[in-house]
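Tertiary structure, described
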Amino acid sequence: MLIDAGFGPLRTAKWLSNAGVQLEQVKAVCVTHLDQDHFRPRWIPTLVGFGIRVFVHQWHLYALEKTEGFADLHAAGLVEVFDGDAFEPIAGIDVSCVQLPHDHKGTVGFTLDTGDTRIGHATDLGHVPPRLIEQFTGVDLLALESNYDPDLQLSSARPAFLKRRIMGGKG
């Protein structure tokens with residue numbers, strides 16, 4: 001199972017191979033949100049070709065439907081929509097989610113639970129809301145990615161409006 005598909009399938013296949021996993025062994029992709037660095041439409045032929053299911057929160061379904069190639073993904077029966085309830089993308093892993101602020105629609109943080117191990121994963125954090133701390137309390141492994149470093153952001157050549165948006169608490 002992958003969380004997000006922001007790198008292309010060829011690069012991902014190489015990295016998986018280096019870890020002893022083949023791309024065709026992937027059975028699911030859980031998508032945090034549909035920014036290009038988290039889900040690339042060029043994945044769709046690979047997802048359809050290998051029958052890899054895509055789990056997307058209902059908040060992001062509209063954006064996925066507008067993605068080139070969505071019709072093929074949908075026709076193959078590979079789109080799985082989740083809401084606030086836990087779901088099981090592959091046997092033995094229960095996933096629960098928490099909505100996090102990020103741009104317009106937000107992003108989704110995941111807790112993966114095998115019964116023996118709990119993993120927390122959140123990306124594009126502009127700040128850490130209390131519900132995220134509640135969701136991730138007691139996890140065995142935590143993966144966090146914040147959207148920026150304040151000093152690097154301030155010294156970047158980005159336009160002022162973009163710096164304000166990124167540093168505005170929504171990542």
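Treat the numbers as computed from the prediction; the structure is a model and nothing was measured.

Turning our eyes to something else, we now look at the sheet that holds strand E5 (residues 87–90). Each strand in a sheet pairs with its neighbour through backbone hydrogen bonds, running either in the same direction (parallel) or in the opposite one (antiparallel). Taken together, 5 strands build an open sheet; the order of strands is E5-E6-E7-E8-E9 and the sheet is mixed. The open sheet has two edge strands, E5 and strand E9 (141–146), and neither has a second partner. Taken pair by pair, the neighbouring strands of this sheet meet at an average axis angle of 25°, ignoring direction. Two elements, E5 and strand E6 (residues 93–100), share 2 bridges in a ladder whose sense is antiparallel.

If you look at soluble globular proteins, the nonpolar side chains tend to sit buried side by side. Of all hydrophobic cores here, the largest spans 20 residues; its most connected members are Val29, Phe39, Leu47, Leu64 and Leu73. Mapped by element, the contributors of at least two residues to this core are helix H2 (44–50), strand E3 (53–57) and helix H4 (70–75). With residues up to four places along the chain from it excluded, the contact list for Val29 reads Leu2, Asp4, Ala5, Leu47, Ile52, Arg53, Val54 and Phe55. Cys30, Phe82, Ile93 and Cys97 belong to the second largest nonpolar core, which has 11 residues in total.

The next thing to look at is the sheet that holds strand E2 (residues 28–30). Strand order in the open sheet formed by 4 strands is E1-E2-E3-E4, with parallel pairing between adjacent strands. Each end of this open sheet is capped by a strand with a single partner; those strands are strand E1 (2–3) and strand E4 (79–82). Pairing between E2 and E3: 3 bridges, direction parallel. The residue of E3 that forms the bridge with Ala28 is Arg53.

The rules behind each value
- Residues numbered from 1 in each chain as written.
- Predicted model: local features only at pLDDT ≥ 70, side-chain atom pairs only at ≥ 80, totals over all residues.
- Heavy atoms only, no water.
- Pairing = 2+ DSSP bridges.
- Helix = DSSP H or I, 4+ residues; strand = E, 2+ residues; numbered from the N terminus.
- Axes fitted to C-alpha atoms, helices over the stretch in contact; angles between N-to-C directions.
- Core = buried A, V, L, I, M, F, W, Y, C linked by side-chain atoms within 4.5 Å.
- Buried < 20%, exposed > 50% of the residue type's maximum accessible area, 1.4 Å probe, protein only.
- Contact = heavy atoms within 4.5 Å.

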